Structures are given as structure tokens and as C-alpha cells.
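Observations on the model geometry
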Amino acid sequence: MEKLINDFSFGLFFWQILLFVGLVLLLRKFAWKPIMEAINNREEGIKDALESAEAARKEMQNLQADNERILNEARAERDSMLKEARQLKENMISDAKAEAQAEADKIVAQAQATIASEKKAAIADLKNQVAGLSVEIAEKVVRQELSDKKKQLELVDSMLGDVTLN
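Residues numbered from 1 in each chain as written. Predicted model: local features only at pLDDT ≥ 70, side-chain atom pairs only at ≥ 80, totals over all residues. Heavy atoms only, no water.

The protein has the name ATP synthase subunit b in an unreviewed UniProt entry, where Aquimarina spongiae is given as its organism. Quoted verbatim from the Sequence similarities (unreviewed entry) heading of the UniProt record, the comment on the protein is "Belongs to the ATPase B chain family." (UniProt positions renumbered as here; feature names shortened; annotations may be inferred.)

Below, the structure is given as C-alpha cells:
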């Protein structure tokens, strides 16, 4: 350290200080301001990016809330549509059952009416056949009885005896 103190030169020190101050002034004028501007611009860019990220985060939360709301609405609408479809199915089934029952009742009623009319027709036909047979039998019996004159007179007398006069 003594050697440094012995070799110390004020002229050299003065020129070094003068060059250092000149260098600092030059750096301040040409380098310091652009560096500080770049740092400030970078700081503003970072602030803007953080604000944008915060706004995007808030927007994302809003979108998620909207998506959740839309999803819930879609689920509710799906549930109501399924309920409506089930109700429509049940109505269609009950209507079809009622229509089938009414059709079956109508067919049974028609069958019963047909059976009744055919029964009446059969009874009428049977009566006609019985009447025809009865007439034929009566005609044969009357012919046999009326073939003889004596039998004819007896028949007239018996009929007259059966008739009562008032």
C-alpha cells in the first residue's frame, strides 16, 4: 500500500476523474435514457400483460358461469322434454287402449245384434216351416176325413157343436 501512495500522481488522478465524469455524462446522455426508457416500456408492458391476464381470467370466469348456466338450462329443458315425451307416450297408450276397447265393444255389440237378427230370422223360418208342415199335415188329414160323405157330415156336426152361440 505504501508503494501506491508513493507512486500517486495528481495529474493522472485528475485526468482519470475527468474521463470518468465524461464517460458517465456520455453514458447518461446516450445510454442511460434509452436503457431507462426500455426498462419503463418493459415495466408498462408487464403491467398491461398482467391487467390483460386479469381481465382474461375474469372473462373466463364469466364464460364458465355462463356455460354452467346454459348447461343447467339445457338439462332442465331436456328433463322437461323427456317428461313431456313420457306424458305423450302415456296419453297415446291410454287413447289406443280406449279406442281398442271401444272398437271391441262395438264389434261385440254388432256380433250380438247379428246373432239376435239371425236368431229371429231362424225362428221365423222355423215357424214358417212348421206352419207349412202343419198345413200340409192338416190338408192330408182333412182329405182323408173328407173323402167320405159320412165323415164330412160328422165333421161339420162336431164343429157346430164346438161353436157356442152368444
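Attention now goes to the overall build of the protein. In terms of helices and strands, the protein carries three helices and zero strands. Counting from the amino terminus, the protein carries its helices and strands in the arrangement α-α-α. Computed over its C-alpha atoms, the radius of gyration of the protein comes to 66 Å, more than 25% above the 15 Å expected for a compact globule of 166 residues. Expressed along its principal axes, the backbone C-alpha trace of the protein runs to roughly 205 × 35 × 30 Å. Taken across its 166 residues, the protein has 0% of its residues classed as buried. (Helix = DSSP H or I, 4+ residues; strand = E, 2+ residues; numbered from the N terminus. Rg over C-alpha atoms; globule rule 2.2 N^0.38 Å. Buried < 20%, exposed > 50% of the residue type's maximum accessible area, 1.4 Å probe, protein only.)

What follows deals with a nonpolar patch on the surface. On the surface, a cluster of nonpolar side chains totalling about 800 Å² of accessible area is made up of Phe8, Phe10, Phe13, Ile17, Phe20, Val21, Val24 and Leu25. Counting through the fold element by element, Phe8 comes out in the loop between α1 (2-6) and α2 (10-146). (Patch = residues over 30% accessible without salt bridge, like charges linked within 9 Å, V, L, I, M, F, W, Y side chains within 5 Å. Areas by Shrake-Rupley, 256 points an atom, 1.4 Å probe, with all protein chains shown as cover. Salt bridge = Lys/Arg side-chain N within 4 Å of Asp/Glu carboxyl O.)

Evaluation of the coordinates by the stated rule reveals one aromatic pair. When the ring of Phe14 is compared with that of Trp15, the centres are 5.7 Å apart and the planes differ by 70°; the resulting orientation is edge-to-face. (Phe/Tyr/Trp six-rings, centres within 6.5 Å; stacked < 30°, edge-to-face > 60°.)

As a further point, take the UniProt feature "transmembrane region" (unreviewed entry) in the protein. UniProt's feature table lists "transmembrane region" (unreviewed entry) at residues 12-32, given in the numbering used throughout. Secondary structure within residues 12-32 divides into 100% helix and 0% strand; the distance between the first and last C-alpha atoms comes to 27 Å.

This paragraph deals with the pattern of salt bridges. Considering all chains together, one arrives at five salt bridges under this definition. A salt bridge links Lys47 to Glu43; the nearest nitrogen and oxygen atoms lie 3.8 Å apart. Linking Lys47 with Glu43, this pair stays in helix α2, spanning four residues, or about one helical turn. Taking relative accessible area as the criterion, Lys47 reaches 41% and is therefore assigned partly exposed. Between Asp79 and Arg78 there is a salt bridge; the shortest N-O distance is 3.2 Å.

So, about helix α3 (residues 149-162). Taking 1.5 Å per residue, 14 residues should reach 20 Å; α3 reaches 20 Å between its end C-alpha atoms and fits that length. Here α3 lies mainly on the outside; zero of its 14 residues are buried. (Expected span 1.5 Å × (residues − 1).)

Here the focus is the environment of Lys140. Looking at where Lys140 falls in the secondary structure, it is placed in helix α2. Here Lys140 falls in the exposed class, since its relative accessible area comes to 58%. On a C-alpha basis, the gap between Lys140 and Leu50 in space is 131 Å, while along the polypeptide they are 90 residues apart.

Positionally, Leu155 belongs in helix α3. Taking the C-alpha atoms as reference points, Leu155 and Val142, separated by 13 residues in sequence, lie 9.6 Å from one another.

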